[in-house]
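# Residue-level structural notes
Read off the chains here:
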2 protein chains.
Amino acid sequence: MDEFDRIAAFFAPLAGEPGLGLKDDAAVLTPPPGRQLVLTVDQMLEGVHFLTGDDPATIARKLLRRNLSDLAAMGAVPSGYLLTTALPPSLPEGWLAGFAAGLAKDQREFAIALWGGDSSSSRTDIAITATLIGHVAPGQALRRNGAKAGDEIWVTGTIGDAALGLEARRGLRADPTGFLTRRSLLPEPRVGLSLAGIVNAAIDISDGLIQDLGHICRESGLSAVVQAGLVPLSAEAAAHGPDVLELRLTGGDDYELILAVPPGQANALRAACAEIKITRIGVFKAGEAVELHGDNNARLNLASSGWKHF
Amino acid sequence: MDEFDRIAAFFAPLAGEPGLGLKDDAAVLTPPPGRQLVLTVDQMLEGVHFLTGDDPATIARKLLRRNLSDLAAMGAVPSGYLLTTALPPSLPEGWLAGFAAGLAKDQREFAIALWGGDSSSSRTDIAITATLIGHVAPGQALRRNGAKAGDEIWVTGTIGDAALGLEARRGLRADPTGFLTRRSLLPEPRVGLSLAGIVNAAIDISDGLIQDLGHICRESGLSAVVQAGLVPLSAEAAAHGPDVLELRLTGGDDYELILAVPPGQANALRAACAEIKITRIGVFKAGEAVELHGDNNARLNLASSGWKHF
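Here the structure is a predicted model, which is why all the values come from computation and not from measurement. (Residues numbered from 1 in each chain as written. Chains lettered and ligands numbered in written order. Predicted model: local features only at pLDDT ≥ 70, side-chain atom pairs only at ≥ 80, totals over all residues.)

### Focus: the overall build of chain A
Definition in use: Helix and strand assignments follow DSSP, with helices taken as H or I runs no shorter than four residues and strands as E runs no shorter than two, numbered in order from the N terminus. Counting other C-beta atoms within 10 Å of a residue's own tells you its class, since 20 or more makes it buried, 12 or fewer makes it exposed, and anything in between is partly exposed; those C-beta atoms are placed from the backbone. By definition, residues are in contact whenever their C-beta atoms, placed on the basis of the backbone, come within 7 Å of each other.
Counting secondary structure elements, chain A contains 9 helices and 12 strands. Looking at chain A as a whole, 54% of its 310 residues are labelled buried. Within chain A, contacts between residues at least 6 apart in sequence are counted, and of these 86% link residues at least 24 apart.

What follows is the structure, encoded as C-alpha cells:
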C-alpha cells in the first residue's frame, strides 16, 4: 500500500465533514456560531511516551486522550482533530489497522472526528501528533492564572495511579488487577464538565500534581498548601503503602484536573462533577511556592518536583 | 535550560494573542466573523524532509512554508500556527535559537503568529510539525474536485527547481548561482492571491507536477493533457538541458500552484497574480489520466510519476 491507499483504507473512514474526505490540501471548518475555538497539540514518541511494542490502538487512544485532557483543562467541548504519523518502514503489517481502530473507538467515545493530517515514513522511531480543536463560550475558557488566595484546591479522580502503573509495566511493581497499568495506558480525560463560573483556574496533571499545581501558582501569583494525607488514592495505589508518596505526587500522566475553587462553591462543583470523584486537597494563599504538609501539618520536602517521561 | 525555560526564551516571544503567552493548556481563538477556518498540518523529519546538519532557521522556515502552501492551495489567508518539536538531547546548543529565529523571520514575512505547541525530547532524530490555521470567505475555499473539461491548466512560477536543487545539495549537480539550492531549501508559498471565482480547482505541488495534477484529475473525474514544452523553466533549470525533463516533472517540493482555469478567465487570472509568473501548460478533458505530450504533440511516457523524499 502506498500513502494514498493507506489514507483511503484507514483514515478516510474516520473523517468528519470539515475533513472533505481527506482529499484536499486542508480542512475547512465553519466555526460554531458565537463560540471561541480552543486548539491544542501533543505528540507521542516511541521510547519517550510509549514503549516499543505497545498496542497501537492504545497508543492512538492515549494520544487523543492526552489532547482531550488539555481541552478539558480549558473547559472546552472537543469537536475534531488533525493527525500526523511518522512510521518506520519496518513496522509490522497490521500496526496501522490497529492504530486506526483505536482512533475510531475514541472518536465514538468522545464524539470527535478526523479533519486532516499528514503521513510520512520515518527512519527508525514512531512519532505521532494530534492537534485537537474544541470550542467554548466566549470568555469562559478556564485559565491557569485565575486562582485567588483562599481558593480551595480540588482534584478529580485519584492521583498517582499512572506513575505506579508505568512501574508495573516495567516489572518493578505488582499490579494484580491491572488497574494501575490501565491508568497508565489509557487515561480518562475529564471532558464534559461545566465548570465555568464555578472554578477560578484549572490545569490537567500531565507532569505530576506538584509541578502542575506549581503552574497555577506561578501564573496566578500564589502559593499552594497541599495536605498530603488528603490527596485521593485508589485502593490499588494505597496497597503500595506510604513509601510511594513522592512518586504519587510527582508522577505524571494522570490527566486528572486540578481546580481552584472559591470558598462556598463546593456544592456547585459537586453538582457539576456529579459522576466523578472530586477531593479537596488544600488551599491557595499569598506567596510563590507549593508547600506539602504531612501528619500534624509538618512540612514535607520532596527530592524532586518534576516528572520526566521514560 | 529545562522545557519551561526554553519556551520562555525562544517561543513565548513568538506568541500571538490566541496563544495566551503559551502559559495555558491550549490556545483560545475568536474566529474572524463571517469566515470559515482552514486547517492543515505538515511535519518535517530529519533524514526524510531535511538533512542532518541543515541550517535550523531554514528548516523552521520550510516547515512553515510547506504548510502555508497548503493554505495557499485552498485560497486561505494564514493567521497562526501550533508547533511541536521533538529534539534529541545531543542537539548542539544554539540549534533551538536558530530554529526560533527562522520562525520569527517567516512570521513577519507572512503575518502569522505562534498560538501553542508541545516540545519533547526524542531518542535520535529531529521531528517537527506545524498546524497552520487560516481563514476564507464561506464557500470560497479552492478545492481539488472543481475542475471542468475544457479548463486550462496553469501553474505559478517555474517547475522542477527544487528537485534539481536537492541534487545540487547532494553534490550531484552544478548550481553556480545557488538558485536551485535555495528553491529546494526555501520554497515560496503562493499565499495572498485572490483566486476565488477565477479558478475552478487548485493544488500545490508537493509531490511533483504529474502526481499532484493527477490528484485534481482523480477528484474532478478528468484527464489532463500537458504540453511538456510549455512547462515553465527557470534559466538555471534550463541550463541542465532537456535530459532532466522527467526529474523536473516528477520532482516534488516546488510548492507552486496548479490551477484549473475556465476558458476566458486568463486575463482575470493574470490580474490576480500580477506579480507572479503564471503559465498555461495544458488542458483538462474527459477521461482519467495525466497525458504528457512532447514535440509534434507525440505522447511521452515517464518511468515514474511520483516523488519520494530522501
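### With respect to the interface of chain A and chain B
Short version of the rule: Think of it this way: DSSP has to see at least two bridges between two strands before they count as a pair.
Contact with chain A, which involves 47 residues of that partner, is made by 47 residues of chain B. Secondary-structure elements contributing two or more residues to the side of chain A that touches chain B are strand E1 (27-29), strand E2 (36-45), helix H2 (56-73), strand E3 (77-87), strand E4 (113-121), strand E5 (127-136) and strand E7 (201-204) of chain A. With 9 residues, E2(A) is the largest single contributor of residues to the side of chain A that touches chain B. Where E2(A) and strand E1 (residues 27-29) of chain B come together, 3 bridges link them in antiparallel fashion. Each residue of the ladder has a partner; that of Leu37(A), found in E1(B), is Leu29(B).

### Brief notes about the relation of the copies chain A and chain B
The criterion, for reference: A least-squares fit on C-alpha atoms brings the copies together, and the residues used are those whose pLDDT is at least 70 in both copies.
Relative to chain B, chain A is turned by 180° and slid 0.0 Å along the rotation axis, the superposed coordinates differing by an RMSD of 0.0 Å. Here the copies are linked by what is in effect a two-fold axis. When the interface residues of chain A are mapped onto chain B, 100% of them again lie at the interface, so the same face is used by both copies.

### Considerations on the environment of Leu96(A)
Residue and element names in this part refer to chain A. With respect to the helices and strands, the residue Leu96 is situated in helix H3 (residues 95-110). Through-space distance from the C-alpha of Leu96 to that of Leu300 is 47 Å; in sequence the pair is 204 residues apart. Excluding residues that lie within four positions of it along the chain, Leu96 makes contacts with Arg6 and Phe10.

### A short note on the nonpolar core
Threshold: Among buried residues, those of type Ala, Val, Leu, Ile, Met, Phe, Trp, Tyr and Cys that are joined through C-beta atoms within 7 Å form a set called a nonpolar core.
Val38(A) and Val38(B) are the most contacted members of the largest nonpolar core, which has 166 residues in total. Each residue touching Val38(A), except ones within four places of it in the same chain, is listed here: Leu71(A), Met74(A), Ala76(A), Gly134(A), His135(A), Val136(A), Ala141(A), Ala26(B), Ala27(B) and Val28(B).

### Quick notes on the pairing of strand E10 (residues 278-286) of chain B
All names here are of chain B. Where strand E6 (residues 152-156) lies against E10, 5 bridges are found, and the strand directions are antiparallel. By the bridge assignment, Glu152 is partnered in E10 with Val283. Bridge analysis of strand E8 (residues 222-227) against E10 gives 5 bridges, and the strand direction is antiparallel. In the sheet register, Ala224 faces E10, and the bridge partner there is Phe284.

### Describing the domain arrangement of chain A
All names here are of chain A. Here is the rule we go by: Where a domain begins and ends is set by an automatic assignment or by a domain database. Lys, Arg, Asp and Glu make up the charged group, whereas Ala, Val, Leu, Ile, Met, Phe, Trp, Tyr, Cys and Pro make up the nonpolar group; the residues left over, Gly among them, are polar.
Domain assignment breaks chain A into domain 1 (3-136) and domain 2 (152-298). The distance between the C-alpha centroids of domain 1 and domain 2 comes to 27 Å. Facing 14 residues of domain 1, the contacting portion of domain 2 comprises 14 residues. No other element matches H2, which puts 11 residues into the side of domain 1 that touches domain 2. The residue inventory of the side of domain 1 that touches domain 2, partitioned by class, reads 6 nonpolar, 3 polar and 5 charged.

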